[in-house]
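Structural characterization, general
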Amino acid sequence: MRMKIIHVVYLIAALDITWMFLQFSVTPYLAKKLGFDTLWLGYLQTMVGVIQLIGGPMFGRFADIFGARAALSLACSATVVFFLLLAIAESPAMLFIHKLPTVFMHVLPASQMVVADLSEPEKRADALSKLGLCFGVGMIAGSTLGGQLNTRYGETFTASFGAVGSAFSLLLVLKFIPKTTKDQAPTTKTDSENKSKSIFNLGEITRLMKFPGVKRTFLVKIVAGLPSGIFQVMFSIIAMDFFKLQPEQNGYLMAYFGISSMVVQGGVIGRLTARYSENSLLLLSIGVSSLVGLAQAYMQNVFQFCLIVIPMVFSLSVFNVITDSMLTKSVPSSDTGTMMGLCASVQALLRTVGPTAGGFLYVNYGISSIGLMQFVVNIAVFVHLLQRRLKKTDVQKE
């Protein structure tokens with residue numbers, strides 16, 4: 001029964017990523033039609049980051065209190081509204097308004113919560129990496145489908161298609177996802193206490209930072225993830241402005257991203273986690289990420305970028321899966337939703353800072369500045385973690 005629920009969650013996650021990448025084939029080109037330049041596209045993406053930064057932890061708390069079905073239903077319903085607003089967006093103001101439902105659009109963190117709840121601790125990293133496999137499937141399907149639909153039928157039809165697809169995801173949630181996926185049913189008293197606690201209770205959310213190792217892992221996730229986060233949020237602009245790609249070509253490039261992601265997350269991460277410790281894999285991912293940044297600084301064309309994609313996807317995938325696994329293992333099962341919400345807020349923080357910082361760097365110093373920043377920051381974090389690990393090893397020897 002647990003495996004059936006996990007498999008349905010994988011399907012829901014894959015569909016959600018499909019609709020999101022479908023949207024990436026619409027928004028940049030629609031924004032350009034409405035007169036947005038690089039800076040205003042950055043503001044639009046920053047707005048999404050701010051909204052999800054606020055919504056992520058509260059959504060995670062909502063999931064812990066009201067259960068998986070309610071959380072996923074809310075997220076899928078918000079996605080339907082998001083696409084309907086995008087379909088009718090005919091002015092710059094509407095393009096900003098259509099981003100408001102993203103405050104509840106946290107299908108992936110809710111899916112991660114369910115998988116974390118239903119998987120054994122020693123197999124958690126592997127189970128979470130399979131969600132990354134779903135990400136790859138969704139990236140390929142969404143990018144290819146979005147590029148084709150947008151080229152042939154236009155932005156309105158593509159957005160409407162996304163709304164219908166999201167409604168189908170909602171039906172899957174209502175049909176197959178149980179009310180709660182937590183291991184132990186709480187007692188009446190605890191249940192009453194939980195219901196009385198507000199999802200806006202910041203004390204309950206920040207309390208998780210006091211668990212051993214959580215604060216340090218979070219700092220690493222934010223600092224090491226920031227430069228690559230900047231590149232990711234700027235990629236749609238880089239593809240359009242630097243590589244001069246059309247929607248269909250951009251779709252094929254994103255599909256290549258997806259295939260690489262599927263190979264890494266479906267066939268590599270599980271084997272690595274079975275053989276090596278999470279701390280070793282964290283070091284490896286940060287080291288590879290620094291080299292990727294150096295390569296990005298000197299790339300000149302799409303072919304060179306395609307060569308960089310595989311190590312880039314590897315470092316991102318391992319880094320995200322390992323840090324998420326370490327964080328969920330650091331807190332009780334009853335708090336996995338809030339923890340995944342906090343992890344989502346880290347990504348949202350990167351999307352908040354990323355577009356403005358990335359837009360400034362790209363416009364003033366070119367694409368190489370983003371890559372060089374990633375190299376310098378990740379090397380610094382790598383050296384810090386390595387020194388810390390060597391000190392710990394010396395202490396154990398003594």
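Quick caveat, the model's predicted, so the values are computed rather than measured.

With that settled, the discussion passes to the overall build of the chain. Along the chain, the regular secondary structure elements total 16 helices and zero strands. The C-alpha radius of gyration computed for the chain amounts to 20 Å, which stays within 12% of the reference 21 Å derived for 398 residues, consistent with globular compactness. Projected onto its principal axes, the C-alpha positions of the chain cover 55 × 50 × 35 Å. Residues counted as buried form 55% of the 398 residues belonging to the chain. Expressed as a percentage of contacts within the chain between residues at least 6 apart in sequence, the contacts between residues at least 24 apart total 86%. Summed over its atoms, the accessible surface of the chain is roughly 17,500 Å², and 66% of this surface lies on carbon and sulfur atoms.

A separate point is the nonpolar core. Among the nonpolar cores identified, the biggest contains 117 residues, and Ile177, Phe231, Phe235, Phe257 and Phe305 are the most heavily contacted of them. Among the elements that take part in this core, helix H1 (residues 2-24) stands out by supplying 14 residues, more than any other.

A few words now on the packing of aromatic side chains. For any pair of aromatic rings, the description consists of the separation of the ring centres together with the inter-plane angle of the planes. Applying the stated criterion across every chain, the model contains 19 aromatic pairs. Judged by centre distance (5.9 Å) and plane angle (35 degrees), the ring pair of phenylalanine 36 and phenylalanine 96 falls under tilted. Remark: phenylalanine 96 occurs in helix H5 (residues 92-97) and phenylalanine 36 occurs in the loop between helix H2 (27-33) and helix H3 (38-66); sequence separation between them is 60 residues. Accessibility classification places phenylalanine 36 together with phenylalanine 96 in one group, the buried group. Centroid distance phenylalanine 242 to phenylalanine 243: 5.2 Å. Interplanar angle 65 degrees. Geometry classified as edge-to-face. For phenylalanine 242, a relative accessible area of 29% corresponds to the partly exposed category.

In this section: the UniProt feature "transmembrane region" (unreviewed entry) in the chain. Under the present numbering, the feature "transmembrane region" (unreviewed entry) in UniProt falls on residues 7-26, 38-59, 71-89, 157-177, 218-239, 251-269, 305-323 and 365-386. What you have in residues 7-26 is 90% helix and 0% strand, and the ends, taken at the C-alpha atoms, are 29 Å apart. Annotated as residues 71-89, this span is 89% helix and 0% strand, and its ends, taken at the C-alpha atoms, are 27 Å apart.

The N-to-C vectors of helix H4 (residues 68-87) and helix H6 (residues 107-118) enclose an angle of 160 degrees; their axes lie 9 Å apart at closest approach. In terms of orientation, H4 lies roughly antiparallel with respect to H6. Of the two elements, H4 crosses H6, and the hand of that crossing is left-handed. Along its contact with H4, which presents Ala68, Leu72, Ala75 and Cys76, the element H6 presents Val107, Ala110, Ser111, Met113 and Val114. Considering only residue class, the contact of H4 with H6 consists of eight nonpolar, one polar and no charged.

The next point concerns a nonpolar patch on the surface. Residues Leu145, Tyr153, Phe157 and Phe161 make up a contiguous nonpolar surface patch of roughly 370 Å² in combined accessible area. Of all elements in the fold, only helix H7 (124-153) and helix H8 (155-176) reach the threshold of two or more residues within the nonpolar patch. Inspection of the secondary structure puts tyrosine 153 in helix H7. On the basis of relative accessibility, which here comes to 54%, the residue tyrosine 153 falls in the exposed class.

Here we take up the environment of leucine 245. Residue placement: leucine 245 occurs in the loop between helix H11 (214-241) and helix H12 (247-275). For leucine 245, a relative accessible area of 11% puts it in the buried group. With 57 residues separating them in the primary sequence, leucine 245 and valine 302 have C-alpha atoms 9.3 Å apart. Discounting residues that sit within four places of it in the chain, leucine 245 has contacts with Tyr29, Ala239, Met240, Asn250, Leu253 and Val302.

Analysis parameters
- Residues numbered from 1 in each chain as written.
- Predicted model: local features only at pLDDT ≥ 70, side-chain atom pairs only at ≥ 80, totals over all residues.
- Heavy atoms only, no water.
- Helix = DSSP H or I, 4+ residues; strand = E, 2+ residues; numbered from the N terminus.
- Rg over C-alpha atoms; globule rule 2.2 N^0.38 Å.
- Buried < 20%, exposed > 50% of the residue type's maximum accessible area, 1.4 Å probe, protein only.
- Contact = heavy atoms within 4.5 Å.
- Areas by Shrake-Rupley, 256 points an atom, 1.4 Å probe, with all protein chains shown as cover.
- Core = buried A, V, L, I, M, F, W, Y, C linked by side-chain atoms within 4.5 Å.
- Phe/Tyr/Trp six-rings, centres within 6.5 Å; stacked < 30°, edge-to-face > 60°.
- UniProt positions renumbered as here; feature names shortened; annotations may be inferred.
- Axes fitted to C-alpha atoms, helices over the stretch in contact; angles between N-to-C directions.
- Parallel < 35°, antiparallel > 145°, perpendicular 65-115°, else oblique.
- Left-handed = near helix turned anticlockwise from the far one by under 90°.
- Nonpolar A, V, L, I, M, F, W, Y, C, P; charged D, E, K, R; others polar.
- Patch = residues over 30% accessible without salt bridge, like charges linked within 9 Å, V, L, I, M, F, W, Y side chains within 5 Å.
- Salt bridge = Lys/Arg side-chain N within 4 Å of Asp/Glu carboxyl O.

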